[in-house]
Amino acid sequence: MAIADLFKKSSEKPRCSAVIVAAGNSVRMGADKLSAELCGVSVLVRTLRVFENSDYIREIVVVTRKDKLESVADLIAKNGFNKVAKVVAGGKTRMESSLIGCAAVKSDAKLIAIHDAARPLLTDTLIKRTVLAAQEHKAAVPVLPSTDTLKAVDESSFVIGTVDRATTYRVQTPQIFDAMLIKGALTRAAEKGLALSDDSAAMDMTGFRTFAVAGEEDNIKITTPRDLMIGEAILKSRGEA
């Protein structure tokens, strides 16, 4: 291979596929939170739009509930999301849905980004930062430092200790991993019957170390009606309402 070809290869963007997990039941919202609107645009559409417009994402797989497959597919077609390659039915748990999504990406994907569909306010800057870190370290997640004092509480509601917040962080998505590593980690967790709410926890179980990058305060997860109000305030402050 010529030297020029080597430089060309090293400058190419990584082949990163995105798995958007949208298979939750929205229990705390009381209604389908992904259909809820932020300044006139649904949460799911806003989330997909960020990944659709990112130069660091080449395909998108949406994992949703079986009863939502048709409506989500129609939404994608209506909004012209060209990067969405598949819409698949999720599993009983978040971990199962992540594994199903990872199994559906292109076979030559080097990296897989797993993202909560209910986090529509992330930026392309965060995607880029996490992709590049994952390209170097094989696994990367965005985190924010804990600002509150954290307490450990037992089953009887008594405080049993204080957690050192200097080494405690709040984790966000997208969490981005080497494709083969995350598929293997999620498969092993599924075989053990574990119900993990965080994908990087599956990597932790293998002993592989995940690199932490700076998260974004605006990258909130829409969980309750109050979060919709906060989300709209964020969009207005950005001039994106």
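Everything numeric in this text was worked out from a predicted model, so none of it was measured.

Details of the pairing of strand 9 (residues 159-163)
- In terms of burial, strand 9 is largely open, as just zero of its five residues are buried.
- Pairing of strand 8 (residues 150-153) with strand 9 involves four bridges; the strand directions are antiparallel. In the strand pairing of strand 9, K151 is matched with T162.
- In textbook terms, the turn of a hairpin is the stretch between consecutive antiparallel strands, and for strand 8 and strand 9 this stretch comprises five residues, one of which, S157, has a positive phi near 70°.

Considering the confidence of the model for the protein chain
- In the predicted model, the protein chain carries a mean pLDDT of 91, and the fraction of residues at 70 or more is 92%.
- A low-confidence stretch, residues 1-10 stays under pLDDT 50, and its non-local contacts, those more than four residues away or across chains, total one contact.

Here we look at the pattern of salt bridges
- Summed over the entire model, instances satisfying the criterion amount to nine salt bridges.
- R94 is the salt-bridge partner of D116, the closest N and O atoms lying 2.4 Å from each other. With D116 in strand 6 (residues 111-116) and R94 in helix 4 (residues 94-103), this residue pair connects regions lying 22 residues apart in the sequence.
- Here E240 and R238 are joined by a salt bridge, their closest N and O atoms 3.7 Å apart.

Looking at the packing of helix 4 against helix 6 (residues 179-191)
- Look at helix 4 against helix 6: their axes get within 10 Å of each other, and the N-to-C directions meet at 140°. Taken as axis vectors, helix 4 and helix 6 run oblique relative to one another. Crossing hand, helix 4 versus helix 6: left-handed. Taking contact as the criterion, the partners of M95, S98, L99 and C102 in helix 4 are, on helix 6, I182, K183, L186, T187, A189 and A190.
- Grouping the amino acids of the contact of helix 4 with helix 6 by side-chain chemistry returns seven nonpolar, two polar and one charged.

Rules used throughout
- Residues numbered from 1 in each chain as written.
- Predicted model: local features only at pLDDT ≥ 70, side-chain atom pairs only at ≥ 80, totals over all residues.
- Heavy atoms only, no water.
- Buried < 20%, exposed > 50% of the residue type's maximum accessible area, 1.4 Å probe, protein only.
- Helix = DSSP H or I, 4+ residues; strand = E, 2+ residues; numbered from the N terminus.
- Pairing = 2+ DSSP bridges.
- pLDDT = per-residue confidence, 0-100.
- Contact = heavy atoms within 4.5 Å.
- Salt bridge = Lys/Arg side-chain N within 4 Å of Asp/Glu carboxyl O.
- Axes fitted to C-alpha atoms, helices over the stretch in contact; angles between N-to-C directions.
- Parallel < 35°, antiparallel > 145°, perpendicular 65-115°, else oblique.
- Left-handed = near helix turned anticlockwise from the far one by under 90°.
- Nonpolar A, V, L, I, M, F, W, Y, C, P; charged D, E, K, R; others polar.

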